[in-house]
Amino acid sequence: MKKFRPGWVEPALRCPPHSHYELCGPCCPATCAGSESRSGRGACGSRCCEGCVCDTGFLLSGAACVPAAKCGCFRAGRYRALGAVWYPGPGCVRRCRCRPGGVVTCAPRPCGRGRVCGLRGGVRRCLPDGRGSCALAGTAHVLAFDGRTHTLPPPAPFSPESCLQVLARTPRRGPCSFSLDVARDGAGLLSLHLNLSGHHLQLDRAVVGFITVDGEHCRLPWVLPGGRAWATLEGRHVVVHTACGLHIMYDWGSQVRLTVPSTFHGQLVGLCGAFGGQVGPLDLPLDTRSWSRGLVTNPCPLPQPSLGFSISCPTQLAQIFNAPKLCRLLQAPDGPFGRCLGHISPKAFLRICLQDVCHTHGQDLGLCDALTAYTAACQEAGIPVKLWRGPKLCPLTCPPRSHYSICTRTCDGGCVQPTSPAHCSTQCYEGCECDPGFIFDGTDCVSQDHCGCFHSGRYIPVGEALILPGCQERCICLHGQGLQCQPFSCPQGTDCILDGGVRWCEPREGATCHLVPGGLFTTFDGFSGLTPIPVMSCAYELATLVGSRPQDPDWFHVIADFLPCPSCTALKPRVIIGFRDGCAAVGTNQEIWVNGQPASLPAQVCRGVVVRWAEGSRVVIIERSPMLRVLVGPEGAVSLRASPALRGRLRAACGNYNGIAADDLILPGGLRDASLVDVFQACRVRGFNNCTEKLVIPAVTQHFTV
């Protein structure tokens, strides 16, 4: 073969020093580690290969060409470059060095003080000892790994718009790579998203006591198959652990704490910083590859590039609001954190406290966030904290049959230990503790004989059924009998799907609209975005028939009614489904009303309309077969299933079901390029029958126009 491209190959294929390009060179070139016979073509057959070849007198040492006198060492089946230093065995007890002439010398050289043996980039070496922690405290304060503190601008004060941001991520893929993203809205933290080992784990402030794994709601405790990750309840927190040493705490409110081992030193990017490395960019793209659905959202506003933090509160104003006095509890030597002061500096928490107390005009909210964040930091480090909450200072309300404790162990003292006590934290945390004679089952305090079952890494309460992936097996936890599993299959004409976090059988034809509070809203035609969060009592029409009146036989409408709930972190809707001759309503705690009266299931609403429980779950189904099916989950998720006969006949927030997702954001009057928030506002409804009172004729609402 001729050299037919010497003029244009050279610029495209640049060879390192002491080497040159050959169109037909040896496929097995002479290397420092190989024998001389490999320099010819016989060892690799008669083939030749295009590429860079070392100049005469030089041998290939790794990726460089060096003189034979500067070749490295070959030891235990591995080649090391000249001057390389390595630890040959676990524990980093002896350190070896490659010297001239291929000589390897080894001597005892354990890791020094403050360092620990570990793998970094596939190489065993001494790494910085200890762990690094980053926290999201309050509505928008980030305490980075390096101790710096910065404040995140809110998406928009008390706005229903939400945004997503990267808290921490490994920029390169590997066995321990991960990405932790946070969704925020005007009220603070909305949800956490952890991408790990090809799985998407999600924690929502609206779905307390559950972790959503690849779109499916799982009760706690939970273990990922293979033991690569697990989640437990520790006091008032859910704690996610991974086999690589990640430790994520979340209180389903305003507090997040991420702790990583020294093996991640210098390998992280995001709002938390680099953990010992160079601070990288903050506006990182979201890693949604393992998410169950696409997500349409806005990027969160970024803090200033300097990551600085200043208390923008004049001294005189701070004194008026009594900020120094309120916040001094954090640094009082004889106070509740006295034993922690010498181990974890309270300065960052104090600055957060002063700023928030000032900005909230003396309210306790900023104080409570700072005290709560410092408590979590101290207790995670195993340092005792004294009781500081009280009836007038950041009270914590506990459910029935439980009481508050500054140091409780809800994981290893609960109904189920996932696999062994090693999966529970060794520390205790503040939270609610069950009264004597009761035990924690993940959401409630129950008697010992009412503990549920643990199967395939998931907890199943007594009386609850679970359809396993593939819909081929259904298991139910029975009181006194344990877990009972039987073969299961979806009825003919249906498919096994995962909808609203619950697995069930769905008819193959038609389209579905989903609303998940604090999660995704998806129209019939597939447009997706974060569900708008109402800031006040609002009712939205999700679907109704075009041109139909309440007096018409086939008329219906579906309404999501968000009621006031000052103590709720995320609102769940009351769902009302109205028909010409009747109505049904599902309350936020799954109370059922039929035609204005409380009802037990199953029940008939009117001719052709029934309300019942879904098979194997706590999902309520309101069905007018075969046209419409509405499902309401225990955490407020709503799904509307419309038959093909309704194609092009629907209006309101769920869209017009015409197969075109792009026109689902067209407002009345034909205004285009609106947001999902605008769509919901256009579908607000007033004067409707809420179905919990005497039946009245619903008012006609405003609908979209073509």
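Keep in mind it's a predicted model, so treat the numbers as computed, not measured.

Trainee: Explain the overall build of the chain to me, please; I cannot follow it from the model alone.
Mentor: Secondary structure assignment for the chain yields six helices and 53 strands. Taking all 706 residues of the chain together, the buried fraction comes to 51%. Surface summary for the chain: the accessible area is close to 32,600 Å², and the carbon and sulfur share equals 54%.

Trainee: Which parts of the structure should I look at to understand the environment of E509?
Mentor: Considering the arrangement of structural elements, one finds E509 in the loop between strand 38 (502–507) and strand 39 (511–515). Classification of E509 by relative accessible area gives exposed; the value is 59%. Remark: the alpha-carbon pair of E509 and S643, spanning 134 residues in sequence, is separated by 6.6 Å. For E509, the residues in contact, after removing those within four places along its chain, are R641 and P644.

Trainee: I'm lost on the sheet that holds strand 8 (residues 85–86) in this one. Help?
Mentor: Picture the strands of a sheet paired through backbone hydrogen bonds; they go either parallel or antiparallel. The sheet built from three strands is open, its strands ordered 8-9-10 with antiparallel pairing. If you trace the sheet from one side to the other, it starts and ends with strand 8 and strand 10 (103–108), each paired once. Here strand 9 (residues 94–99) runs beside strand 10; their pairing, made up of six bridges, is antiparallel. Each bridged residue has a counterpart across the sheet, and for R99 the counterpart in strand 10 is V103.

Trainee: Please explain the packing of aromatic side chains as it appears in this structure.
Mentor: The geometry of an aromatic ring pair is captured by two quantities: the separation of the ring centres and the angle between the planes. A full pass over the atoms with the stated rule returns nine aromatic pairs. An angle of 50 degrees between the planes, with centres 6.4 Å apart, marks the rings of Y250 and W252 as tilted. Under the relative-accessibility criterion, W252 is labelled buried at 7%. Look at Y540 and F562: their rings are 6.0 Å apart centre to centre, the planes differ by 65 degrees, and that puts the pair in the edge-to-face class. Taken together, the residues Y540 in strand 42 (residues 538–545) and F562 in strand 43 (residues 556–562) connect sequence positions 22 residues apart. In this pair, the class of Y540 matches that of F562, namely buried. Through pairs of rings, three or more aromatic residues link up here, namely F521, Y540, F562 and F680.

Trainee: In this structure, what is going on with the state of the cysteines? I would like to understand it.
Mentor: Joining two cysteines, a disulfide is a covalent bond between their sulfur atoms. Inspection of every chain in the model, using the stated rule, returns 21 disulfides. Linked covalently through their sulfurs, C96 and C106 form a disulfide whose S-S length is 1.9 Å. Around the S-S axis, the bridge from C96 to C106 shows a dihedral of about 105 degrees and counts as right-handed. Taken together, the positions of C96 in strand 9 and C106 in strand 10 put the pair 10 residues apart, joining distant regions of the chain. Relative accessible area serves as the criterion here: at 3%, C96 is assigned to the buried category. Looking at C683, it has no disulfide partner, and the nearest cysteine sulfur is the one in C654, 8.9 Å off. Exposure remark for C683: the relative accessible area of 4% places this residue in the buried category.

Trainee: I'm lost on the environment of G188 in this one. Help?
Mentor: Relative to the helices and strands, G188 is located in strand 18 (residues 188–196). Owing to a relative accessible area of 3%, G188 belongs among the buried residues under this scheme. The spacing of G188 and G138 is 50 residues in sequence and 7.5 Å in space, taken between C-alpha atoms. Not counting the four nearest positions on each side in its chain, G188 is found in contact with T139, A183 and R205.

Trainee: What exactly am I supposed to notice about the confidence of the model for the chain here?
Mentor: Residues shown with low pLDDT carry predicted positions that ought not to be read at fine detail. For the chain, per-residue confidence averages 80 on the pLDDT scale, and residues scoring 70 or more make up 82% of the total. Overall, residues 305–310 carries pLDDT values under 50, and its contacts beyond four positions in sequence, including any with other chains, amount to 16 contacts. Low pLDDT, under 50, characterises residues 694–706; the predicted model gives this stretch 33 contacts beyond four residues in sequence or across chains.

Trainee: Explain the sheet that holds strand 42 here, please?
Mentor: A sheet is described by the order of its strands in space; here seven strands give the open sequence 47-46-45-44-43-42-53, paired in antiparallel fashion. Strand pairing shows two members of the sheet lacking a second neighbour, strand 47 (597–598) and strand 53 (650–651), which therefore form its edges. Pairing geometry for strand 43 and strand 44 (residues 574–579), over six bridges, is antiparallel. Following the sheet pairing, F556 is matched in strand 44 by F579.

Trainee: Before we go on, may I ask you to explain helix 4 (residues 347–359) in this structure?
Mentor: Side chains that are three or four residues apart share a direction in an α-helix, a result of its 3.6 residues per turn. Helix length check: helix 4, at 13 residues, gives a terminal C-alpha distance of 18 Å against a target of 18 Å (1.5 Å per residue), a fit within 8%. Listed in full, the buried residues belonging to helix 4 are A348, F349, L350, I352, C353, L354, Q355, D356, V357 and C358.

Trainee: Please explain the nonpolar core as it appears in this structure.
Mentor: Across soluble globular proteins, you tend to see nonpolar side chains buried next to one another. Judged by nonpolar contacts, the single largest core of 51 residues is most densely connected at F524, L542, I622, V630 and L640. The element that contributes the greatest number of residues to this core is strand 42, accounting for five residues. Apart from residues no more than four positions distant in its own chain, L542 is found in contact with L515, F521, V558, A560, V638, L640, R651, A652, A653 and C654.

Trainee: It is not clear to me how the side chain of Q379 should be interpreted in this structure. Could you clarify?
Mentor: One can find Q379 in helix 5 (residues 364–380). When its relative accessible area of 3% is taken as the criterion, Q379 is described as buried. Within the local environment of Q379, its side chain forms a polar contact with the backbone oxygen of I406, the two atoms lying 2.7 Å apart. Contact partners of Q379, with chain neighbours within four places excluded, come to V385, I406, Q427, C428, Y429 and E430.

Trainee: Mind showing me how you'd approach the pattern of salt bridges here?
Mentor: Pairing is possible between side chains that carry opposite charge, provided their charged atoms lie close to one another. Tallied over the entire structure, the rule returns 13 salt bridges. Residue E216 is joined to R458 by a salt bridge in which the shortest nitrogen-to-oxygen separation is 2.7 Å. Of this pair, E216 sits in strand 21 (residues 216–219) while R458 sits in strand 33 (residues 458–460); the two residues are 242 residues apart in sequence, bridging distant segments of the chain. Its salt-bridge partner being R503, residue E216 comes within 2.8 Å of it at the nearest N-O pair. Linking E216 in strand 21 with R503 in strand 38, this pair joins segments that are 287 residues apart in sequence. For R503, a relative accessible area of 12% translates into the label buried.

The rules behind the values
Residues numbered from 1 in each chain as written. Predicted model: local features only at pLDDT ≥ 70, side-chain atom pairs only at ≥ 80, totals over all residues. Heavy atoms only, no water. Helix = DSSP H or I, 4+ residues; strand = E, 2+ residues; numbered from the N terminus. Buried < 20%, exposed > 50% of the residue type's maximum accessible area, 1.4 Å probe, protein only. Areas by Shrake-Rupley, 256 points an atom, 1.4 Å probe, with all protein chains shown as cover. Contact = heavy atoms within 4.5 Å. Pairing = 2+ DSSP bridges. Phe/Tyr/Trp six-rings, centres within 6.5 Å; stacked < 30°, edge-to-face > 60°. Disulfide = S-S within 2.5 Å. pLDDT = per-residue confidence, 0-100. Expected span 1.5 Å × (residues − 1). Core = buried A, V, L, I, M, F, W, Y, C linked by side-chain atoms within 4.5 Å. Polar contact = N/O pair within 3.5 Å; in protein donor to acceptor, adjacent residues only side chain to side chain. Salt bridge = Lys/Arg side-chain N within 4 Å of Asp/Glu carboxyl O.

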